[in-house]
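Descriptive structure summary
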Amino acid sequence: MTNLEDALGEIDVLAAAEATDAAPEKSALDDKINEHFAGAVVRKDLVKAVRGNAVVPSYVLEYLLGQYAASDDEATIQAGIDSVRQILATHYVNRNEHMLVKSEIRRKGRHRVIDKVTVTLNEKNDVHEAEFENLQVKGVIIDDVTVKQNPKLLVGGVWCICDIEYFHSDDQRVVPWILGSLKPIQVAGVDVDHYYEAREAFTTEEWIDLLMQSIGLNPEQFNERGKLIALTRLIPFVERNYNVVELGPKGTGKSHTFSEFSPNGILLSGGEVTVAKLFVNNASGRIGLVGYWDCVAFDEFAANRRTDQNLVNVMKNYLANKSFSRGTSIYGADASMAFIGNTTHTVPYMLKNSDLFDELPDAYRDPAWLDRIHHYIPGWEVAPIRSEMFSNGYGFVVDYLAEILRAKRSEDFSDKYTDYFTLDTSISTRDQDGIRKTFSGLMKLVHPTGEANENEIRALLEFAIEGRKRVKDSILRIDATMRDNPVHFRYADKTGVWHDVATLEESQYPQLYRRDWDARPDTDAGSGEDAPTAPHPTLAPAPPATSLAAAPDVPAEPTPTPLAEGHRDFNAGQKGVSYENLLLPYLRGASKITITDPYIRMPHQGRNLADLLSLLATAKDDADEIDVLLVTTEEPNAEFKQRQLLMLKSIKDASDAVGARLAVQLDDTIHDRRIETNHGWRIDLGKGLDIWQRPSDNPFDFGRNRQEFRMISSAFTVHYMRMGLPHD
């Protein structure tokens, strides 16, 4: 028996659509990009074309493509691709071929390699020594000047192009490897003035699309809000000491930006973090990661349940004051921090039972620590990554954009909204800091010259306010004492009109969002005599439920009929049969359901499963979750196996997002077709879920959307039986 995750691990999940050799058709935006940024942009699909088996970040590949294929001429691009492929084939060190490369260096005496290099100080011999990750060579002497010019070699390591020489000595203490030269993979410099001038040629919408393509995403697959969410992940690279959290479902690309986008950021797994590694080593006095990197991102942050309270305390001080103390010394740094984690529950479930920080380790759910977070990215609004979401258009070579963003870290755009808008004075200093820093970062990204009109600034300001409000509202759930000073997240325009800002989940689930919160009218929010006396939006009472008597147009839910054991027969050609009348009455109210059906392989069979799951999700309360286990067989034909697994993954992603949490087990020994629930029912399905004729080619056939219009393909019988309730 195999679960879906293990089966997917054997294939390339993103290879659902095979790439073609034909070049993608250029858009008008692509032509404009090449016209104004010639030599600094590259076609984004080329990274996949040259990657092969090279396990390197995208910025390394784009650095090489920028040297050889930064053009819109197809012949030049193809020649550049060939050159990069040849360079990777000749110089990239594949980890499982390290001995072959070592032998080559020995044979030739000198060879150029592309590898990740980390440097340590050998205090005993008073020398710096380099270690090559894939080549698996260490103890290579590196001169102090090179280390001083590239301090990141000491913390985390840097991808480099190096010349390695071999000289054997009879002295066993002498390493035979000699570093001839070292060149970090990064652009030498950028023309910021040209960047500003070229920006003027693009509309705001075009510029946002250019940035989306630069981080490898297809802007056509995202709405305006989705684009802002994607760009918010870049703020830690352009804004100093910016603290952001993103929690959301698996597979939404949360860590992609931090691992692939910039050589100025480093991605750590949650379990790798220590005070010495992150801040300063007391024994050596050497400063940690925050002293060398623009952004330190923590992956799988929510999964790390073992936490060091000392680390939490030091981090708390750093997040607030940009400094930390170790021993008798106080250090300062400007690294931003991003905390990335997966959620296992839906938003309404978290709102009903806990808060939006529910997944974090307990040590980090401290209100004082959370209050240092400037913005909460709603990762549940991001769709799981699909092949069509990646861009084939032109975008900046990511290393070029990374250097632009680094150059702008010293600027401050946090007050650019003050010509048009004023924040409510009830918003605390820390809340305002979060709003201003997010706004400043978005301005640097979207309007790098600092010039924007009122509507453009309004959109960025509202998004910044919403992200900080999401943090504050969750803190108020955790610590009720902080509700004594109500906060009004709103702003006034130049005419004095106040505009309230609400999070999207607050608008979608108002009663869940405000559960157990006191109704506290905010009659003196501190905004002057013209401030309205409406209830505070954060602490407002939930609207009263509308009675059915007052709304005769809303049909009352029918009284359920008692469920009975027995069987039902169905004939070929019969219509009017749906899962809603066939299965739902016996499944309603169950929190665990097991579906056993060996044939969930073809697209129409997957559609049937998705129909049933969506019906279960609709029948439950928004804030509840149910666990569904599908036991099915794996497609034996290798040609169709990948299609089946990707189909099941897509169904799982869609189902998990609405609270019907799907797990899939692949078991080739099953034959029965049945459904079992944890509240005492077993349904034996004679034909399984696949009971209808295959859908017609008519895209407007009513049967595509309504099961009642579908025709039963062959006769079958369904048996309903009561079972003993499980002991758990």
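Quick summary incoming for the structure in this document. Because the structure is a prediction, the values reported are computed rather than measured.

Spatially, five strands are ordered β9-β10-β13-β8-β14 in an open sheet, and the strand pairing comes out parallel. At either margin of the open sheet sits one strand with a lone partner, and together these are β9 (265–269) and β14 (375–378). The average undirected angle you get between the axes of adjacent strands in this sheet is 20 degrees. Running over the sheet, helix α14 (residues 309–321) touches β8 (243–248), β10 (295–299) and β13 (336–342) and is turned about 125 degrees from β13.

Further remarks concern the pattern of salt bridges. Within the structure shown, the criterion is met by 47 salt bridges. Here Asp209 and Lys227 are joined by a salt bridge, their closest N and O atoms 2.7 Å apart. One end of the pair, Asp209, is in helix α9 (residues 204–214); the other, Lys227, is in helix α10 (residues 224–232), with 18 residues separating them in the sequence. A relative accessible area of 17% places Asp209 in the buried class. On the accessibility criterion, Lys227 (14% relative accessible area) is buried. Residue Arg458 is joined to Glu454 by a salt bridge in which the shortest nitrogen-to-oxygen separation is 3.5 Å. One end of the pair, Arg458, and the other, Glu454, are both in helix α19 (residues 454–478), four residues apart, so they sit about a helical turn from each other. On the basis of relative accessibility, which here comes to 19%, the residue Arg458 falls in the buried class.

A separate point is the nonpolar core. Counting residues in each nonpolar core, the largest one holds 90 residues, and the members touching the most others are Phe37, Tyr195, Phe396, Leu445 and Leu461. Residues within four places of Phe396 in sequence aside, it is in contact with Phe37, Ala40, Val41, Lys44, Glu62, Tyr195, Trp207, Leu210, Leu211, Ser214 and Leu401. Counting 45 residues, the second-largest nonpolar core is a separate cluster that includes Leu268, Leu289, Met350 and Leu356.

Okay, the sheet that holds strand β7 (residues 177–184) next. Strand order in the open sheet formed by five strands is β5-β4-β3-β6-β7, with antiparallel pairing between adjacent strands. Only two strands of the sheet have a single partner each, and these edge strands are β5 (137–142) and β7. Each strand axis lies, on average, 50 degrees off the axis of its neighbour in the sheet, ignoring direction. Relative to β7, strand β6 (residues 158–166) runs antiparallel, the two sharing seven bridges. Within β7, the position partnered with Glu165 by the bridge is Ile178.

A few words now on the side chain of Arg468. Tracing the backbone shows Arg468 in helix α19. Looking at Arg468, its side chain comes within polar contact range of the side chain of Asp371, at 2.5 Å. Once residues lying within four places of it in the same chain are set aside, the contact partners of Arg468 are Leu370, Asp371, Ile373, His374, His375, Arg430, Asp431, Ile435 and Phe489.

Considering all chains together, one arrives at 35 aromatic pairs under this definition. Ring geometry for Phe37 and Trp207: centres 6.1 Å apart, planes at 45 degrees, overall tilted. Of this pair, Phe37 sits in the loop between α2 (28–36) and β2 (41–43) while Trp207 sits in helix α9, and the two are 170 residues apart along the sequence. This pair shows no difference in class: Phe37 is buried, exactly as Trp207 is. One residue, Arg477, lies across the ring of Tyr513, its end atom 6.0 Å from the ring centre.

Criteria and cut-off values
- Residues numbered from 1 in each chain as written.
- Predicted model: local features only at pLDDT ≥ 70, side-chain atom pairs only at ≥ 80, totals over all residues.
- Heavy atoms only, no water.
- Pairing = 2+ DSSP bridges.
- Helix = DSSP H or I, 4+ residues; strand = E, 2+ residues; numbered from the N terminus.
- Axes fitted to C-alpha atoms, helices over the stretch in contact; angles between N-to-C directions.
- Contact = heavy atoms within 4.5 Å.
- Salt bridge = Lys/Arg side-chain N within 4 Å of Asp/Glu carboxyl O.
- Buried < 20%, exposed > 50% of the residue type's maximum accessible area, 1.4 Å probe, protein only.
- Core = buried A, V, L, I, M, F, W, Y, C linked by side-chain atoms within 4.5 Å.
- Polar contact = N/O pair within 3.5 Å; in protein donor to acceptor, adjacent residues only side chain to side chain.
- Phe/Tyr/Trp six-rings, centres within 6.5 Å; stacked < 30°, edge-to-face > 60°.
- Lys NZ or Arg CZ within 6 Å of the ring centre and 35° of its normal.

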